[in-house]
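# Breakdown of the fold
Spelled out, the chains give:
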Amino acid sequence: MFVLELTYTAPLDRVDALLQDHVAWLEKGYAAGHFLASGRKDPRDGGVILAAGLDRAAVEELTAQDPFVLGGTCEYRITEFVATKTAPALADYQEQLPS
């Protein structure tokens, strides 16, 4: 599983100009089963996406296609972790530690 942390690198007016395209990109990620949750950070200096079912190379490729990245308004910090415990609603995403 991955935590994708977006940090804005441009003023919010430039971010907002790309927001509709970013939301459409998110919707494709949800439809493909890659995204579990997403939202703005508070204060609004970026956002967070929880992603699953991908390897690191695929996540890097996916985030590179975010309109915020293509428009030069954000950078991603990608953190991979093994979700050994989950809420019941996320039980399908529970993982085992490698041997």
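This structure is a prediction, so every number in the text was calculated from the model and none was measured. (Residues numbered from 1 in each chain as written. Predicted model: local features only at pLDDT ≥ 70, side-chain atom pairs only at ≥ 80, totals over all residues. Heavy atoms only, no water.)

Attention now moves to the pairing of strand β3 (residues 46-51). Look at any regular strand and the pattern is simple: side chains alternate between the two faces of the sheet. Pairing between strand β1 (residues 2-8) and β3: 6 bridges, direction antiparallel. Bridge assignment links L4 to a residue of β3, and that residue is I49. The sheet contact formed by strand β2 (residues 35-40) and β3 spans 5 bridges and is antiparallel. Counted as the bridge partner of A37 is L50 from β3. (Pairing = 2+ DSSP bridges. Helix = DSSP H or I, 4+ residues; strand = E, 2+ residues; numbered from the N terminus.)

Right, let's get into helix α1 (residues 12-31). Counted at 1.5 Å a residue, the expected span for α1 with its 20 residues is 28 Å, and the 27 Å between its end C-alpha atoms agrees. Along α1, the sharpest kink reaches roughly 50°, centred on L19. Within α1, burial applies to V15, L18, H22, W25, L26 and G29. The elements touched by buried residues of α1 are β1, β2, β3, α2 (56-64), α3 (67-70) and β4 (74-80). (Expected span 1.5 Å × (residues − 1). Bend = angle between axes of the 7 residues up to and from the residue. Buried < 20%, exposed > 50% of the residue type's maximum accessible area, 1.4 Å probe, protein only. Contact = heavy atoms within 4.5 Å.)

This next bit is on the pattern of salt bridges. Inspection of the entire model under this criterion finds 5 salt bridges. Residue R77 pairs with E5 through a salt bridge whose shortest N-O separation is 3.7 Å. Highlighted residues: R77 in strand β4 and E5 in strand β1, separated in sequence by 72 residues. Taking the relative accessible area as the measure of exposure, E5 reaches 23% and is therefore partly exposed. A salt bridge links D16 to R44; its shortest N-O distance comes to 2.5 Å. Placement of the pair is D16 in helix α1 and R44 in the loop between β2 and β3, with a sequence separation of 28 residues. Since its relative accessible area comes to 23%, R44 is described here as partly exposed. Salt bridges linked by common partners bring E5, K41, D45 and R77 together as one network. (Salt bridge = Lys/Arg side-chain N within 4 Å of Asp/Glu carboxyl O.)

With the rule as written, the count across this model stands at 3 aromatic pairs. Ring centres of W25 and F35 lie 5.3 Å apart, and the angle between their planes is 55°; on these two criteria the pair is classed as tilted. Residue W25 is located in helix α1, and its partner F35 is located in strand β2; the two are separated by 10 residues in the primary sequence. Across this residue pair, the class does not change: W25 and F35 are buried. Seen from their ring centres, Y30 and F35 are 5.8 Å apart, and the 85° between their planes marks the pair as edge-to-face. Note on F35: relative accessible area 4%, which makes it buried. An aromatic cluster of three or more residues is present, and its members are W25, Y30 and F35. (Phe/Tyr/Trp six-rings, centres within 6.5 Å; stacked < 30°, edge-to-face > 60°.)

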